[in-house]
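If you want the building blocks of each chain, they are given just below.
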Amino acid sequence: MNRIDPKLAATLRQPAELIERGLAQTADLADLERVAARYAIAVTPEIAGLIDPENPDDPIARQFIPSALELISTPGEDADPIGDDAHSPVAGIVHRYPDRVLFKLVHVCAVYCRFCFRREMVGPGKATALPEGAYRDALDYIRGHAEIWEVILTGGDPLMLSPRRLAEIMADLAAIDHVKIVRLHTRVPVAAPKRVDADMVRALRVAGVATWVAVHANHPRELTVEARAACARLTDAGIPLVSQSVLLRGVNDDAATLEALMRVFVECRIKPYYLHHGDLAPGTAHLRTTIEAGQELMRGLRGRVSGLCQPDYVLDIPGGHGKAPIGPNYLSHPNSGERELSSESKYRIVDYCGDVHLYPPKP
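Fair warning: this is a prediction, and the values are worked out from it, not measured in the lab.

Undergrad: Tell me about the overall build of the protein, and please be specific about residues and values.
TA: Helix and strand counts for the protein come out as 12 helices and 12 strands. By the compact-globule yardstick of 21 Å for 363 residues, the protein fits well, its C-alpha radius of gyration being 22 Å. Overall, the protein is about 70 × 55 × 40 Å in size when its C-alpha atoms are taken along their principal axes. By the burial criterion, 52% of the 363 residues in the protein qualify as buried. Summarising the internal contacts of the protein: among those between residues at least 6 apart in sequence, 75% fall at separations of at least 24. Carbon together with sulfur atoms contributes 55% to the accessible area of the protein, which is approximately 16000 Å² in total.

Undergrad: Residues and numbers for the sheet that holds strand β8 (residues 312–316), please.
TA: Strands belonging to one sheet form pairs held by backbone hydrogen bonds; the direction of such a pair is parallel or antiparallel. As summarised here, the arrangement of the 9 strands in space is β1-β2-β3-β4-β5-β6-β7-β8-β9, forming an open sheet in which the pairing is mixed. Of all strands in the sheet, those with a lone pairing partner are β1 (93–97) and β9 (323–325), marking the two edges. With direction set aside, neighbouring strand axes in the sheet form an average angle of 30 degrees. Taken together, the 3 bridges between strand β7 (residues 270–277) and β8 define a ladder with parallel strand orientation. In the strand pairing of β8, histidine 276 is matched with valine 314. Sheet strands in contact with helix α10 (residues 255–267) are β6 (241–247) and β7, and its direction is about 145 degrees off that of β7.

Undergrad: So what's going on with a nonpolar patch on the surface? Which residues, and what values?
TA: Where nonpolar side chains cluster on the molecular surface, the patch consists of Leu331, Tyr347, Ile349 and Tyr359 and spans about 350 Å² of accessible area. Within the secondary structure layout, leucine 331 lies in strand β10 (residues 331–332). Overall, leucine 331 belongs to the partly exposed group, its relative accessible area being 40%.

Undergrad: Any chance you could break down the confidence of the model for the protein for me, citing the residues and the numbers?
TA: Detailed conclusions should not be drawn from predicted coordinates in areas where pLDDT is low. For the protein, per-residue confidence averages 92 on the pLDDT scale, and residues scoring 70 or more make up 93% of the total. When the criterion is pLDDT under 50, residues 1–8 qualifies, and its contacts beyond four places in sequence or with other chains add up to 33 contacts. In this model, residues 336–343 is a region of pLDDT below 50 whose contacts with residues beyond four sequence positions or in other chains number 6 contacts.

Undergrad: Please give an account of the side chain of glutamate 150 that cites residues and values.
TA: Of note, glutamate 150 is situated in strand β3 (residues 150–154). For glutamate 150, a relative accessible area of 7% gives the class buried. One polar contact links glutamate 150 to arginine 183, side chain to side chain, over a distance of 2.8 Å. Among all residues touching glutamate 150, those that are not within four sequence positions of it are Asp99, Arg100, Val101, Ile181 and Arg183.

Undergrad: Requested: an account of helix α6 (residues 163–174), with residues and values cited.
TA: Along its 12 residues, α6 runs 16 Å from first to last C-alpha, staying within 8% of the 16 Å computed at 1.5 Å per residue. Within the span of α6, buried status applies to Pro163, Arg165, Leu166, Ile169, Met170, Asp172, Leu173 and Ala174. Contact partners of the buried residues in α6: β2 (100–104), α5 (132–143), β3, β4 (181–186), α8 (198–204) and β5 (210–216).

Undergrad: Give a detailed account of the side chain of arginine 195, specifying residues and quantitative values.
TA: Summarising the element assignment, arginine 195 is placed in the loop between α7 (188–191) and α8. Polar contacts involving the side chain of arginine 195 include one to the main-chain carbonyl oxygen of leucine 159, which spans 2.8 Å. Side-chain polar atoms of arginine 195 contact the backbone oxygen of methionine 160, separated by 3.2 Å.

Undergrad: Tell me about the sheet that holds strand β12 (residues 356–359), residues and numbers included.
TA: Read across the sheet, 3 strands follow the order β10-β11-β12 without closing on themselves; strand pairing throughout is antiparallel. Both outer strands of the open sheet, β10 and β12, are each paired with one neighbouring strand and no more. With 4 bridges connecting them, strand β11 (residues 347–350) and β12 associate as antiparallel partners. The partner of tyrosine 347 across the bridge, within β12, is tyrosine 359.

Rules used in this analysis
Along each chain, residues carry numbers from 1 onward, in the same order as the chain's sequence is written. For a predicted model such as this one, the threshold for reporting local features is a pLDDT of at least 70, and the threshold for listing and counting side-chain atom pairs is 80 or more; totals across whole chains, interfaces and linings nevertheless cover every residue. Side-chain numbers come from the whole structure's heavy atoms, not from hydrogens or water. Put simply, DSSP marks the helices as runs of H or I at least four residues long and the strands as runs of E at least two long, and each gets a number from the N terminus on. The reference for a compact globule is 2.2 Å times residues^0.38; the radius of gyration itself is calculated from the C-alpha atoms. Throughout, exposure labels follow a simple rule: accessible area from a 1.4 Å probe, protein chains only, divided by the maximum for the residue type, with under 20% read as buried, over 50% as exposed, and the rest as partly exposed. When checking whether two residues touch, look at their non-hydrogen atoms; a contact exists if any pair is within 4.5 Å. To measure how exposed things are, a 1.4 Å probe is used in the Shrake-Rupley method; for residues, cover is taken only from the protein chains shown. In this description, strands pair whenever DSSP reports at least two bridges between them. Axis angles are defined between N-to-C directions and span 0 to 180 degrees, where every axis is a line fitted to C-alpha atoms and, for a helix, only to the segment in contact. Each patch is built from salt-bridge-free residues with over 30% relative accessible area, joining like charges within 9 Å and nonpolar side chains (Val, Leu, Ile, Met, Phe, Trp, Tyr) within 5 Å. The working definition used for a salt bridge is a side-chain nitrogen of Lys or Arg within 4 Å of a carboxyl oxygen of Asp or Glu. Per-residue confidence from the predictor is reported as pLDDT, a score between 0 and 100. Whenever two N or O atoms come within 3.5 Å, that pair is a polar contact, provided that in protein one can donate a hydrogen and the other can accept it, and provided that, for residues adjacent in sequence, both atoms are side-chain atoms. Here, expected helix span is obtained from the residue count minus one, scaled by 1.5 Å.

Set out below in structure tokens:
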């Protein structure tokens with residue numbers, strides 16, 4: 001099943017290429033070579049064109065240009081930070097929740113995020129795709145578990161497969177009676193939008209299952225005219241889109257940027273879905289925020305933007321225990337004095353302005 005579509009000819013993959021393009025400094029070459037020996041690098045022309053080389057804190061560069069800080073591991077970081085291995089009954093499958101599985105088809109991406117939680121599974125010396133025998137075993141596992149309602153194609157990036165191969169996979173999944181939803185997680189509409197052509201769109205539509213696509217973007221500048229057109233090709237074909245973002249220090253950890261990102265998603269007919277707290281992947285501490293900072297940002301979104309623009313702020317609990325919502329809490333029990341004033345007043349609710357109200361209200 002090693003059939004990756006060979007487009008992306010001008011993708012930058014070596015530190016020397018980044019330096020030649022002015023996206024990294026010559027003085028950093030030795031450190032960047034050490035990073036490249038461990039973690040994959042890929043910057044497509046579309047992403048490279050978004051980077052301001054004059055800005056040392058450019059939010060696009062922080063996501064994709066390697067840094068010597070990636071060589072520093074901190075306590076608690078883990079090569080499998082969300083515990084995929086603990087829930088992998090056969091190669092390529094992660095069955096963490098009863099009604100859905102991850103199906104990891106490929107281990108390559110159009111671009112490689114410097115904060116990726118699967119960074120130890122892609123890159124130098126790693127397999128590029130699930131072998132054919134393992135693919136068949138994974139399908140057998142899905143067929144044998146009638147509780148599986150949704151299959152999430154991930155990796156790597158499933159849209160790195162050719163349309164022909166994707167059409168085969170979609171048909172294989174649609175032939176399983178109890179599979180009703182196929183969701184694909186991808187950066188491709190943003191990082192390589194030309195790949196989302198008519199052939200790709202046709203490959204994703206198959207009778208028997210509903211196809212959803214989760215688009216990963218972290219900064220409003222990523223939703224270029226070309227990226228918006230790629231997303232429109234999917235939505236115009238009847239494929240609903242949701243968003244995935246990661247809260248990242250120096251990228252989107254301020255209210256204005258996060259608000260703009262969520263608005264742009266909705267303008268592109270992409271429903272904001274998850275805002276992930278940064279996972280404890282090795283060498284990513286310089287990009288993680290605190291949970292308290294994330295909660296404050298989410299509190300700021302509430303009331304400032306439409307409910308359509310509200311993602312769930314979630315944390316993947318280390319060790320394979322799944323996602324938990326970690327947004328701010330607006331509900332609490334009143335103290336004893338307030339309870340004495342009204343036996344019906346059971347809760348205190350904080351509105352988006354920070355004012356506190358009793359519910360039910362006092363007569």
